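Given next are the chains, with one letter for each unit.
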Amino acid sequence: MVFKRRDRRAIWRVVFDFFYPRGGWARAAQYVKHRLRRLPDTPEKISRGIAAGVFTAFTPFYGLHFICAAIIARLMGGNILAALLGTFFGNPLTYIPIGVASLGTGYWLLGRPFNAALFGVGRDLEPGYCTLGCRFGNAFSDIWHNFLAIFTPRIADWHGLAEFYHEVFYPYLIGGLIPGVICGGVCYYLSVPVISAYQMRRKKALQAKLDQLTKKTISADDDGASTS
């Protein structure tokens, strides 16, 4: 296989690299920034792609962010690869603040009191309280249980999934719109001049190299003509 890794990583290494990539998150951010700058497209299209990817990071569609970002970028006329790179705005270092912002905004829009105990903090945390991780676990447990119920005598139970939808997914989906649009818009307006300046500087550097190569070629032709 052309793109297959030569050194197979252990499971613990894959998990560790997800939360802390080799070289650290600073190096990973530099790589993403470098790739974004070198994309062969207009600054506006690249920036629209970045905005789509950043916006998608505020949605609760974990595991589908790449697909959602590509669809939104296509609808916006943005660069799809830039959108995929923009989804890295959501990572293990930012998931918690993104979740707090999205859920807090969602509960506020729905007129519900937001309980910080959902994230395992606050004075309202009671013994046995089902936190955010617990609710995710219950939802996936229900999905797996109900899938097996199709082939076994088990009785389907949607209680955990319904609770997850009303308490987490729906408020997250509604609440993520405002901070997602704000952060996506800020990233768009910040990235357009940066990418424009980088592309202009790179174009000038390439033109300078081309001019230098042309001068060397002309000089070599002149030397050859004089010797002949």
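## Topic: the overall build of the protein
Helix and strand counts for the protein stand at 9 helices and 0 strands. What you see in the protein, going N to C, is helices and strands ordered as α-α-α-α-α-α-α-α-α. By the burial criterion, 29% of the 228 residues in the protein qualify as buried. Of the contacts made within the protein by residues no fewer than 6 positions apart, 61% connect residues no fewer than 24 positions apart.

## Observations regarding a nonpolar patch on the surface
A cluster of nonpolar side chains, Trp108, Leu109, Leu177, Ile178, Ile182, Val186 and Leu190, forms an exposed patch at the surface whose accessible area comes to about 710 Å². Of all the secondary-structure elements, those providing two or more residues to the nonpolar patch are helix H6 (95-109) and helix H9 (177-227). Among the structural elements, Val186 can be located in helix H9.

## Thoughts on the nonpolar core
Ile46, Ile50, Ala82, Ile98, Leu103, Leu132 and Phe164 are the most contacted members of the largest nonpolar core, which totals 18 residues. Those elements giving two or more residues to this core turn out to be helix H3 (43-56), H6, helix H7 (132-149) and helix H8 (159-175).

## Some remarks on the packing of H3 against helix H4 (residues 65-76)
H4 packs onto H3 with a crossing angle of 140° between their chain directions and a minimal axis gap of 8 Å. Judged by the angle between their axes, H3 and H4 are oblique. Both H3 and H4 take part in a crossing whose hand is right-handed. On the side of H3, the interface is formed by Arg48, Gly49, Ala52, Gly53, Phe55 and Thr56, while H4 contributes His65, Cys68, Ala69, Ile72, Ala73 and Met76.

## Thoughts on the side chain of Thr87
Inspection of the secondary structure assignment puts Thr87 in the loop between helix H5 (80-86) and H6. Among the residues examined, Thr87 registers a relative accessible area of 5% and is labelled buried. Apart from residues lying up to four places away in sequence, Thr87 is in contact with Gly53, Ala57, His65, Phe66 and Ala69.

## Details of the environment of Thr42
Summarising the element assignment, Thr42 is placed in the loop between helix H2 (24-37) and H3. Taking the relative accessible area as the measure of exposure, Thr42 reaches 37% and is therefore partly exposed. Residues Thr42 and Val192, 150 residues apart in the sequence, show an inter-C-alpha distance of 9.1 Å.

## Some remarks on the pattern of salt bridges
Enumeration according to the criterion identifies 2 salt bridges in this entry. Lys45 is paired through a salt bridge with Asp41; the nearest N and O atoms lie 3.9 Å apart. Under the relative-accessibility criterion, Asp41 is labelled partly exposed at 23%. A salt bridge links Glu163 to Arg135; the nearest nitrogen and oxygen atoms lie 3.5 Å apart. Of the two residues, Glu163 is situated in helix H8 and Arg135 in helix H7; the sequence distance between them amounts to 28 residues.

## Some details on the packing of aromatic side chains
A full pass over the atoms with the stated rule returns 12 aromatic pairs. Aromatic side chains Tyr62 and Phe136 sit 6.5 Å apart centroid to centroid with 75° between the ring planes, which places their arrangement in the edge-to-face category. Residue Tyr62 is found in the loop between H3 and H4, and its partner Phe136 is found in helix H7; the two are separated by 74 residues along the sequence. Looking at Tyr62, the relative accessible area reads 33%, which means it is partly exposed. Three or more aromatic residues link up through ring pairs in this structure, and these residues are Tyr62, Tyr95, Phe136, Phe164 and Tyr172.

## Comments concerning the environment of Asp41
By the secondary structure assignment, Asp41 is in the loop between H2 and H3. Each C-alpha atom of the pair Asp41 and Gly78 lies 9.4 Å from the other, and the pair is 37 residues apart in sequence. When residues no more than four places from it in sequence are discounted, the contact partners of Asp41 are Ile46, Asn79 and Gln199. Of note is the side chain of Asp41, whose polar atom sits 3.1 Å from the side chain of Asn79.

## Re the environment of Ser141
Within the fold, Ser141 resides in helix H7. Each C-alpha atom of the pair Ser141 and Gly160 lies 8.0 Å from the other, and the pair is 19 residues apart in sequence.

Cut-offs used in this document
- Residues numbered from 1 in each chain as written.
- Predicted model: local features only at pLDDT ≥ 70, side-chain atom pairs only at ≥ 80, totals over all residues.
- Heavy atoms only, no water.
- Helix = DSSP H or I, 4+ residues; strand = E, 2+ residues; numbered from the N terminus.
- Buried < 20%, exposed > 50% of the residue type's maximum accessible area, 1.4 Å probe, protein only.
- Contact = heavy atoms within 4.5 Å.
- Patch = residues over 30% accessible without salt bridge, like charges linked within 9 Å, V, L, I, M, F, W, Y side chains within 5 Å.
- Areas by Shrake-Rupley, 256 points an atom, 1.4 Å probe, with all protein chains shown as cover.
- Salt bridge = Lys/Arg side-chain N within 4 Å of Asp/Glu carboxyl O.
- Core = buried A, V, L, I, M, F, W, Y, C linked by side-chain atoms within 4.5 Å.
- Axes fitted to C-alpha atoms, helices over the stretch in contact; angles between N-to-C directions.
- Parallel < 35°, antiparallel > 145°, perpendicular 65-115°, else oblique.
- Left-handed = near helix turned anticlockwise from the far one by under 90°.
- Phe/Tyr/Trp six-rings, centres within 6.5 Å; stacked < 30°, edge-to-face > 60°.
- Polar contact = N/O pair within 3.5 Å; in protein donor to acceptor, adjacent residues only side chain to side chain.

Nothing here speaks to function; it is geometry throughout.
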